[in-house]
Amino acid sequence: MLPRNPPLAPANAGVLPLQPRFVRRVSNSERVLVGLDADGTPNSVTVIQTSRLNRLGDYVFAIPAPVVSVLPGPGTESQPGQRTNQILWQGFSPGQRVLSAEAELRLEESAPYLPVKVRMESSGGRTTVIVENQTGVAVPSYTGDVEPVSLTQVLARIRTAMRRNLFAEGLNVELRGRKTPTEVQIAAPLRVTGAVGTERFSALLDGVNRKAVRVTVPDEQPKVAFTVRTGAVPDRVTAQAGPERLAGTIELELTYARTRQFDQFISSPDPTGHSSTTYLYKTAARAAAPPPVETGGSDSHTMGWVALGLLLAAGLPLGAVLWARS
C-alpha cells in the first residue's frame, strides 16, 4: 500500500453541514507556495487551488486540508467557505465554472509531505544547497505466472490513464499458480528548476537512481528559488511475457499512482480526473505571529446575534447561515 498522504487528509475533517452534491468532470490545478528559512527549513505552506467544473448542475462539496485560513483565489467565480480542516464550496455551475481558493496550511501537518527537502552545507565561505526527492517508498508487491491476455489489457489501461492524466481503474490480472510476495522501491519522478543565488540549475530526480541535486555557490547564505513539477513516469515494461513483465507492470502502476499523489497536494474535487500541481520554493522571512485577539465578553455575543438576525432578515436559508458560521 502507498502512504496515505498526499493528498493531505486531516483525520478530524468532520462532515459537511449540508448534503454533498457533486459535479463530475472537474480539472484541478494547484500552486503550492513554500517559504524557506535560510537553512532550507519550510516556514510556511500556502496552496492556491483552482478547479474547473465542466458540467451543468448544483455542487456542494468539501476539500479536506489542514487549513489556517481560506481566501478567494484568482479568477474565482464563487466564494469559498471554511470549516475546521475543510475548504467548502456551494453553488450552481451553468456548464463551466472556475472555483479558486487560497489556503494557508498548518506547517506541522503539511511540510512533512512536500515532495522535496532542502539542506545546506557550508564550508570555507561556500555553500552547497542539496535538493532531495522525498517521495520514495518501499511498497509490497508480488511475482508469479500471469495469464498473458489479462496482463496485456491491464498494461494498456495503465498506459491510457498515463497518457490522459487520469486515474487508472480496473487493474486486475489472472495469476496461474502461486503468488510470491516481494517488495518494490518506487518514487514520483520530479523535475526541479530554479536558482541558488545567481547559479541556475535544472535536474530530473527519479527518486530511485538519482535522488538529489547539489548546487555549490560562493555565498554563506544564498537565497533559493525553484519550482518542482512531477515528471513523466518511465515505462520500462518489455514485450516479454512471464513474471518479468508482471513485475514491470506493477512497478509502472505504482510509480504512476505515487506521481498522481503529488499532482494533488490537497484533494481534487474529482480524484479520478485530470490534476497537476506546481510547487514553488523560495527563501522567505517567517511571518510574524499575530497579536492576541481580545474577546469582548457579552458585547461580542450580542454582535454575533445581531449579525445572525440580519442574515435571517435578508432571507438567507438556514443552511447557508450554518455554512458561513461553522
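The model shown is predicted, which means the values in this text are computed figures rather than measured ones.

Caption draft 1: A look at the side chain of Ser51. Tracing the backbone shows Ser51 in strand E2 (residues 42-53). Of the residues examined, Ser51 reaches a relative accessible area of 3% and is grouped as buried. Once residues within four sequence positions are removed from consideration, Ser51 is found in contact with Val26, Ser27, Asn28, Arg97, Val98, Leu99 and Pro269.

Caption draft 2: Structural detail: the sheet that holds strand E6 (residues 86-94). Read from one edge to the other, the open sheet built from three strands follows the order E3-E6-E5, with strand pairing classed as antiparallel. The outermost strands of the open sheet, each flanked by one partner alone, are strand E3 (56-64) and strand E5 (81-83). Geometrically, the sheet is characterised by an average inter-axis angle of 20° between neighbouring strands, direction not taken into account.

Caption draft 3: Region of the structure containing the pattern of salt bridges. On inspection of all chains with the given rule, the structure shows six salt bridges. Salt-bridge contacts for Glu109 lead to Arg106; the nearest nitrogen and oxygen are separated by 2.7 Å. One salt bridge connects Asp235 with Arg159, and the closest N-O pair in it is separated by 2.7 Å. Of this pair, Asp235 sits in the loop between strand E15 (224-230) and helix H3 (243-262) while Arg159 sits in helix H2 (residues 148-164), placing them 76 residues apart in sequence. Under the relative-accessibility criterion, Asp235 is labelled partly exposed at 35%. Under the relative-accessibility criterion, Arg159 is labelled partly exposed at 31%. Three or more residues are tied together by salt bridges with common partners; here these are Arg119, Glu121, Glu132 and Arg214.

Caption draft 4: Just the environment of Ser202, in detail. Residue position: Ser202 is located in strand E13 (residues 199-205). Residues Ser202 and Thr227, spaced 25 residues apart in sequence, show a C-alpha to C-alpha distance of 9.6 Å. The residues touching Ser202, leaving out its near neighbours within four places in the chain, are Arg191, Val192 and Thr193.

Caption draft 5: The arrangement of H2 in detail. The terminal C-alpha atoms of H2, which comprises 17 residues, lie 25 Å apart, in line with the 24 Å expected from a rise of 1.5 Å per residue. Looking at H2, one finds that the buried residues are Ser150, Leu151, Val154, Leu155, Ile158 and Ala161. Buried residues of H2, seen end-on, are gathered within an arc of 135° and therefore sit on one face of the element. Across H2 from its buried face, at more than 90 degrees, point the exposed residues Arg163 and Arg164. In this structure, the buried side of H2 is in contact with strand E10 (137-146) and H3. The opening residue of H2 is Glu147, an N-cap whose side-chain oxygen sits 3.2 Å from the backbone nitrogen of Val149.

Caption draft 6: Highlighting the packing of aromatic side chains. Following the criterion strictly, the structure yields four aromatic pairs and no others. For the ring pair Phe226 and Tyr281, a centre distance of 4.8 Å and an interplane angle of 10° mean the geometry is stacked. Separated by 55 residues along the polypeptide, Phe226 in strand E15 and Tyr281 in strand E16 (residues 275-283) bring together distant segments of the chain. Overall, Phe226 belongs to the buried group, its relative accessible area being 2%. Note on Tyr281: relative accessible area 2%, which makes it buried. On the numbers, 5.7 Å between centres and 85° between planes, the contact of Phe265 with Tyr279 is edge-to-face. In this pair, Phe265 is assigned in the loop between H3 and E16 and Tyr279 in strand E16, connecting sequence segments 14 residues apart. Exposure class is identical for Phe265 and Tyr279. Each is buried. Connected via pairs of aromatic rings, a cluster forms that spans Phe201, Phe226 and Tyr281. Over the ring of Tyr142 we find Lys179; its NZ or CZ atom is 5.0 Å from the centre of that ring.

The rules behind these values
All chains use their own residue numbering, which begins from 1 and follows the written sequence. The model is predicted, so local features are restricted to residues of pLDDT at least 70 and side-chain atom pairs to those at 80 or more, both for listing and for counting; the totals for chains, interfaces and linings are taken over all residues. Hydrogens are left out, water is left out, and the side-chain values use all remaining heavy atoms of the structure. Numbering of helices and strands runs from the N terminus; a helix is a DSSP stretch of H or I covering at least four residues, while a strand is a stretch of E covering at least two. Working definition: with a 1.4 Å probe on protein chains only, accessible area under 20% of the residue-type maximum means buried, over 50% means exposed, and in between means partly exposed. Contacts are residue-level and defined by heavy atoms, with any inter-residue pair within 4.5 Å sufficient. By definition, two strands form a pair when at least two bridges between them are found by DSSP. Axis definition: a line fitted to C-alpha atoms, over the contacting stretch in the case of helices. Angles run 0 to 180 degrees between N-to-C directions. Salt bridge, as used here: a side-chain nitrogen of Lys or Arg that lies within 4 Å of a carboxyl oxygen of Asp or Glu. Helix span is expected to be 1.5 Å times the residue number reduced by one. Comment: arc refers to directions from the helix axis out to C-beta atoms. Any N or O atom pair separated by 3.5 Å or less is treated as a polar contact, with the protein-specific requirement of one donor-capable and one acceptor-capable atom, and with residues adjacent in sequence counted only for side-chain atom pairs. Aromatic rings from Phe, Tyr and Trp, taking only the six-membered ring of Trp, are treated as a pair when their centres fall within 6.5 Å; an angle between ring planes under 30 degrees marks them as stacked, one over 60 as edge-to-face, and anything in between as tilted. Remark: a charge is flagged as sitting over a ring if the NZ atom of Lys or the CZ atom of Arg is within 6 Å of the ring centre and within 35 degrees of the ring normal.

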